[in-house]
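Secondary and tertiary structure notes
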Amino acid sequence: MRTKLCILGLIISFTSFAQNNVPTELWQIETAVLGLDDKFRGGAKVYGYDSEGNFKVLREGSNQYVCLADSPNNEGFQVAAYHKDLDVFMARGRELKVEGKNFKEIFDIREEEVKSGKLKIPHNATLTVLRGEIDNETKEIKTNE
């Protein structure tokens, strides 16, 4: 694997966590882009969370990639990166989740919408997801391999 979180030596400080355990915007941005090649990280659009835990754009992008920061509401660590042409598809999934749909329902609804032409998904689209755990003491990210 070209990028391993633990090999990167990423030890970004959590020192300015909000009271509700939402990491700083800087930490969210720096970890959200880990699924991209180094040359694309600085220009990727990044979605993450404000100090209240609300989903928002943390950084507008200048290239073709979009990244999702780790959700403070989920166990473990997970970030994702994908081509901007997938953003509408991904946004639809987030919308359905807010409506209370579970994983299977979201999958089925989006699949039907793609088949009907209501929702477009680009050919050969790629989604990179990195998962791991955050060490409670060091705040270092460790991959689940």
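To be clear, the structure that these remarks concern was listed above.
Now for a quick tour of the structure. (Residues numbered from 1 in each chain as written. Predicted model: local features only at pLDDT ≥ 70, side-chain atom pairs only at ≥ 80, totals over all residues. Heavy atoms only, no water.)

Quick word on the nonpolar core
Formed by Ile 29, Ala 32, Val 33, Leu 36, Ala 44, Val 46, Leu 58, Tyr 65, Cys 67, Ala 69 and Ala 81, the largest nonpolar core amounts to 11 residues. Where this core is concerned, the elements lending two or more residues are helix H1 (25–32) and strand S3 (65–68). Ignoring sequence-local partners within four residues, the contact set of Ala 69 consists of Gln 28, Ala 32, Tyr 47, Gly 48, Tyr 49, Gln 78 and Val 79. Listed in part, the nine residues of the second largest apolar core include Val 66, Leu 86, Phe 89 and Leu 119. (Core = buried A, V, L, I, M, F, W, Y, C linked by side-chain atoms within 4.5 Å. Buried < 20%, exposed > 50% of the residue type's maximum accessible area, 1.4 Å probe, protein only. Helix = DSSP H or I, 4+ residues; strand = E, 2+ residues; numbered from the N terminus. Contact = heavy atoms within 4.5 Å.)

Section: the pattern of salt bridges
Scanning the entire structure with this criterion turns up eight salt bridges. For Glu 25, the salt bridge goes to Lys 56, with nearest N and O atoms at 3.1 Å. Of this pair, Glu 25 sits in helix H1 while Lys 56 sits in strand S2 (residues 55–59), placing them 31 residues apart in sequence. Among the salt bridges present, the one from Asp 108 reaches Lys 104, with a minimum N-O distance of 2.7 Å. In this pair, Asp 108 and Lys 104 are both assigned in helix H4 (residues 103–116), four residues apart and thus about one turn of the helix distant. Assessed through its relative accessible area of 54%, Lys 104 is described here as exposed. Residues participating in the shared-partner salt-bridge network are Arg 92, Glu 95, Glu 113 and Lys 118. (Salt bridge = Lys/Arg side-chain N within 4 Å of Asp/Glu carboxyl O.)

Quick notes on the side chain of Asp 70
Checked against the element boundaries, Asp 70 lands in the loop between S3 and strand S4 (77–83). As a buried residue without a salt bridge, Asp 70 has its nearest oppositely charged side chain in Arg 131, at a separation of 9.0 Å. There is a polar contact of 2.8 Å between the side chain of Asp 70 and the backbone nitrogen of Gln 78. Not counting residues within four places of it along the chain, the set of residues in contact with Asp 70 comprises Tyr 49, Gly 76, Phe 77, Gln 78, Val 79 and Ile 134. (Lys, Arg positive; Asp, Glu negative; His and termini not counted. Polar contact = N/O pair within 3.5 Å; in protein donor to acceptor, adjacent residues only side chain to side chain.)

Let's talk about the environment of Ile 134
Take Ile 134: it is sitting in strand S5 (residues 127–134). Here the alpha-carbon distance between Ile 134 and Glu 75, two residues 59 residues apart in the chain, equals 9.6 Å.

Considering helix H3 (residues 87–98)
The end-to-end C-alpha distance of H3, which contains 12 residues, comes to 16 Å, matching closely the 16 Å that a straight helix rising 1.5 Å per residue would cover. Looking at H3, one finds that the buried residues are Asp 87, Phe 89, Met 90, Arg 92, Gly 93 and Leu 96. Of the surrounding secondary structure, the elements contacted by the buried residues of H3 are strand S1 (45–49), S3, S4, H4 and S5. Following H3 by one or two positions, Gly 100 adopts a phi angle in the positive range, close to 95°. (Expected span 1.5 Å × (residues − 1).)

As for the packing of H3 against H4
Here H3 crosses H4 at 135°, and the two axes come no closer than 10 Å. Between H3 and H4, the angle is such that the two are oblique. In this structure, H3 crosses over H4, and the sense of that crossing is right-handed. Of the residues in H4, those touching H3 at Phe 89, Met 90, Arg 92, Gly 93, Leu 96 and Lys 97 are Ile 106, Ile 109, Arg 110, Glu 113 and Val 114. Grouping the amino acids of the contact of H3 with H4 by side-chain chemistry returns six nonpolar, one polar and four charged. (Axes fitted to C-alpha atoms, helices over the stretch in contact; angles between N-to-C directions. Parallel < 35°, antiparallel > 145°, perpendicular 65-115°, else oblique. Left-handed = near helix turned anticlockwise from the far one by under 90°. Nonpolar A, V, L, I, M, F, W, Y, C, P; charged D, E, K, R; others polar.)

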